[in-house]
Amino acid sequence: MRKLLLTTFNFKIRKYAGSLMALCFLSGAAGAQTAVFVSKPASTTSNAYYVSNKAPLTAQSFVKLPLSAIKPGGWLKKQLELQKDGLTGHLGEISIWLTKTDNAWLNKDRKGKYGWEELPYWLKGYGDIAYVLQDERMLKDTKFWIDAVISNQQPDGDFGPIIYKGDGKRDLWANMPMLWCMQSYYEYSKDPRVLSFMSKYFKWELAIPDDKFLQDYWENSRGGDNMVSVYWLYNRTGEKWLLDLATKIDRNTANWRQKNNLPNWHNVNVAECFREPATYYQQSHDASDLEATYNDFKLIRNIYGQVPGGMFGADENARKGYDDPRQAVETCGMVEQMTSDEFLLQSTGDTFWADNCEDVAFNTFPAAFTSDYKALRYLTAPNMVVSDNKDHSPGIANTGPFLTMNPFSSRCCQHNHSAGWVYYAENSWMATADNGLAVQLYSEGEVTAKVGNGAQVKLTEQTHYPFNDRVNFTINTPGRVTFPLYLRIPAWCNGASVSINGKTVPVNAMPDGYIMLTNNWKNGDMVSLQLPMALKVREWNRNKNSVSVNYGPLTFSLKIAENYVKIDATTAVQGDSDWQADADQSKWPAYNIYPASSWNYGLLVDTQHPELSFKVIKKQWPKDDNPFTNVNAPIELVAQGKQIPGWTIDQYGLCGILPVSPVKTTEKVTKLTLVPMGGARLRISAFPVVE
């Protein structure tokens, strides 16, 4: 498999070796302190305490923990609290799609004026935030919707709004995210109704003739989401007919296995659906299925993803010739990419997916919102110097006000954004096949889980990562407990080191893998991981020879003064937007953002030693625990550059196309400040290089 993937792709993919070494250390040093670098944990056994793949599905190195196991802290908890107090937590006051009047998700006949993807899109994040934060209001509201959907299931197993798309073909797309809501609710509550509900529905799906199954555009593209739920249920019930349904879903889903093409180029579909072949690989064991997912990831980025931030420029739909860093991606697309990365990390054990998830989460996703999470925009680009309600087409592939920060608009993203941070939190820790724990996405918080021979332990994580390079863990145990602890080493990190109780543990840590610590742990043991961060200039030769600047996992943007201008939220909306009659604009304002300083600079970069062109400035950690703003940024870079007078806002009202580097300009050398890309709502992140 490793050789197959390496010969197929020209980009860096995880090693699939090392698990045998890990087994040797475990079997030869039980109870002794050992540290070894491995590509991933062994998967020759199954975790004894948490649900993982049943045969014949592929064995998993990593297993998702229950929702209740992880309690986020620090900046991650702050993002969830901002969502709770912001648009996610109060969208029911605004969105017409969440009204409880004439809502097809509530009506017994499953008909109504309102009822499609919006409710489950919102609920899958809203409910999970409720479970993680234990917010009583949100918990009550979540259960209201879950109970209604379960109680309205038909005797034949069908559920959800009745939507037909001609020829008697039932549209099942909206049911797919609702199934994910059910899964989270079950993990939280263990309500047995969920298993029965899903089993009845899947039997109903199995009986649908192929020529009427998954035929509409959205459901046909996104059948992989349905398959995820089928495997989720199979791993809990072991009913073999569910595997027949998974094969049927794969057979009728759009072909995401094409070598040099995709079935469609809609940005959200690509980010969400490229993982479908790898999902089915768990059952097929056909290496070409896994290869197809990696190929899809490579294909979209080779053409449209020669930009920083982990995503690609597709606006609504990717278009040939529109590959400049000013091309954007939907907020939905960011959420779905992070979700795909998290699923693929579980199923493949390949930390390549954790690296990409961090790239999107740190550098692209936060900038899609106002810092209080009370408004969002539909599209965000790596180079974006105006964020307003004008029609910027055909510069972007959307006709209408798609760049403004507006809680009343962006219908799909308005609801679907809710899952981004909470799914990230849920996947920050995972159980391992050898009854250990792996920390995947570093952030402050706690994890409580069963390990080793069944003891329950709690690990407390303290860190300001990704703005700091040190992560500390305190282990709380009821007594001596032996289990392996895996610490992920990101692809960008060289020279990682680890200590236990202040004593350095020798290990040859490399990028793209895990330090595996096996120890007879006692209560109060301290583990400290250092992930040295270095400056790196990334060259985008296929996009005008532009460059981006990284420090560890953070990409940096030019600091542009942002002028927020309040606008009428109800007039600056997309055509399919709608809201409740009593929605209060004064509580939920919309904004255009304009640059209040010059932005058209290129960087002066030492070609021999590019890292010497920048100076790192560490600042105080923000008191409000929200580092994703220009004002609060706890780290900045000092650079030098020159203005490029000919690089201006173009006829479409967008940041002009990048000039080809190197750019000759007679302008004076200017000191520039660069800030983390994720906190910059206006930004230049892909820079020209000036002479």
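For the structure, see preceding data.
The present account deals with the structure reproduced in this document. None of the values given here were measured: they were computed from a predicted structure.

## A few points about the nonpolar core
Part 1 of the reasoning: Counting 216 residues, the largest nonpolar core has L487 and L517 as its most contacted members.
Part 2 of the reasoning: Ranked by residue count, the leading element in this core is helix α5 (residues 118-133), at 9 residues.
Part 3 of the reasoning: Apart from the residues within four sequence positions on either side, L517 is in contact with T34, A35, F483, P484, L485, L487, V498, I500, V505 and V527.

## Thoughts on the sheet that holds strand β14 (residues 503-505)
Part 1 of the reasoning: Taken together, the 7 strands give an open sheet; going across it, the order is β3-β9-β10-β11-β16-β13-β14, and neighbouring strands pair in antiparallel fashion. Each edge of the sheet is formed by a strand with only one pairing partner; in this case those strands are β3 (70-72) and β14. Across the sheet, the mean angle from the axis of one strand to that of its neighbour is 25°, orientation sign disregarded.
Part 2 of the reasoning: The pairing of strand β9 (residues 445-451) with strand β10 (residues 455-463) spans 7 bridges and is classified as antiparallel. Bridge pairing in β10 links V451 to A455.

## Let's talk about the packing of helix α10 (residues 223-237) against helix α11 (residues 241-252)
Part 1 of the reasoning: Relative orientation of the contacting elements α10 and α11 amounts to 170°, with a least axis distance of 9 Å. By the angle class used here, α10 and α11 are roughly antiparallel. Of the residues in α11, those in contact with G223, N226, M227, V230, Y231, L233, Y234 and T237 of α10 are L242, L243, L245, A246, I249 and D250.
Part 2 of the reasoning: Broken down by class, the residue content of the contact of α10 with α11 amounts to 10 nonpolar, 3 polar and 1 charged.

## Let's talk about helix α14 (residues 287-304)
Part 1 of the reasoning: With 18 residues, α14 ought to run about 26 Å at 1.5 Å a step, and its terminal C-alpha atoms sit 26 Å apart, in line with that.
Part 2 of the reasoning: Taking burial as the measure, the 18 residues of α14 include 14 buried ones, the bulk of the element.

## So, the environment of T364
Part 1 of the reasoning: Checked against the element boundaries, T364 lands in the loop between α16 (352-363) and β5 (379-380).
Part 2 of the reasoning: T364 sits in the buried class, given a relative accessible area of 5%.
Part 3 of the reasoning: The sequence separation of T364 and M526 amounts to 162 residues, and the corresponding C-alpha distance is 33 Å.
Part 4 of the reasoning: In this view, T364 contacts G309, M311, M334, D359, M677 and R683; residues no more than four positions away in its chain are not counted.
Part 5 of the reasoning: There is a polar contact of 2.7 Å between the side chain of T364 and the backbone oxygen of G309.

## Some words on the side chain of E316
Part 1 of the reasoning: You can see E316 is positioned in the loop between α14 and β4 (329-330).
Part 2 of the reasoning: The buried charged residue E316 lacks any salt bridge, with R222 as its nearest oppositely charged partner at 7.9 Å.
Part 3 of the reasoning: At a separation of 2.8 Å, a polar atom in the side chain of E316 contacts the side chain of N398.
Part 4 of the reasoning: Once residues lying within four places of it in the same chain are set aside, the contact partners of E316 are W265, H266, N267, E330, Y378, A397 and N398.

## Points about the layout of surface pockets
Part 1 of the reasoning: Taken as a whole, the second largest pocket encloses approximately 760 Å³ of empty space.
Part 2 of the reasoning: Those elements giving two or more residues to the lining of the second largest pocket turn out to be β2 (62-64), α7 (175-189), α10, α13 (276-284), α15 (331-348) and α18 (419-426).
Part 3 of the reasoning: The element that contributes the greatest number of residues to the lining of the second largest pocket is α15, accounting for 6 residues.
Part 4 of the reasoning: Residues belonging to the lining of the second largest pocket are distributed by class as follows: 15 nonpolar, 12 polar and 8 charged.

## Focus: empty space enclosed by the protein
Regions of empty space are outlined by a rolling probe, equal in size to a water molecule, passed over the atoms.
Part 1 of the reasoning: Evaluation of the coordinates by the stated rule reveals 6 cavities of 30 Å³ or more.
Part 2 of the reasoning: A volume near 70 Å³ is recorded for the largest cavity.
Part 3 of the reasoning: Every residue lining the largest cavity is listed: R326, A328, A381, N383, M384, V385, V386, I396, L403, G653, L654 and C655.
Part 4 of the reasoning: The residue inventory of the lining of the largest cavity, partitioned by class, reads 9 nonpolar, 2 polar and 1 charged.
Part 5 of the reasoning: In terms of lining residues, the second largest cavity is bounded by 14 residues, among which M311, V329, T364, T380 and P382 are the most central.
Part 6 of the reasoning: Taken together, the residues of the lining of the second largest cavity sort by class into 8 nonpolar, 5 polar and 1 charged.

The rules behind each value
- Residues numbered from 1 in each chain as written.
- Predicted model: local features only at pLDDT ≥ 70, side-chain atom pairs only at ≥ 80, totals over all residues.
- Heavy atoms only, no water.
- Core = buried A, V, L, I, M, F, W, Y, C linked by side-chain atoms within 4.5 Å.
- Buried < 20%, exposed > 50% of the residue type's maximum accessible area, 1.4 Å probe, protein only.
- Helix = DSSP H or I, 4+ residues; strand = E, 2+ residues; numbered from the N terminus.
- Contact = heavy atoms within 4.5 Å.
- Pairing = 2+ DSSP bridges.
- Axes fitted to C-alpha atoms, helices over the stretch in contact; angles between N-to-C directions.
- Parallel < 35°, antiparallel > 145°, perpendicular 65-115°, else oblique.
- Nonpolar A, V, L, I, M, F, W, Y, C, P; charged D, E, K, R; others polar.
- Expected span 1.5 Å × (residues − 1).
- Polar contact = N/O pair within 3.5 Å; in protein donor to acceptor, adjacent residues only side chain to side chain.
- Lys, Arg positive; Asp, Glu negative; His and termini not counted.
- Salt bridge = Lys/Arg side-chain N within 4 Å of Asp/Glu carboxyl O.
- 1 Å grid on protein atoms, 1.4 Å probe; cavity = no way out; pocket = protein on both sides within 12 Å on 5 of 7 lines; lining within 4 Å.
- Points joined across faces, edges and corners; volume = space filled by probe spheres on them.

Worth remembering: the numbers are spatial, not functional.
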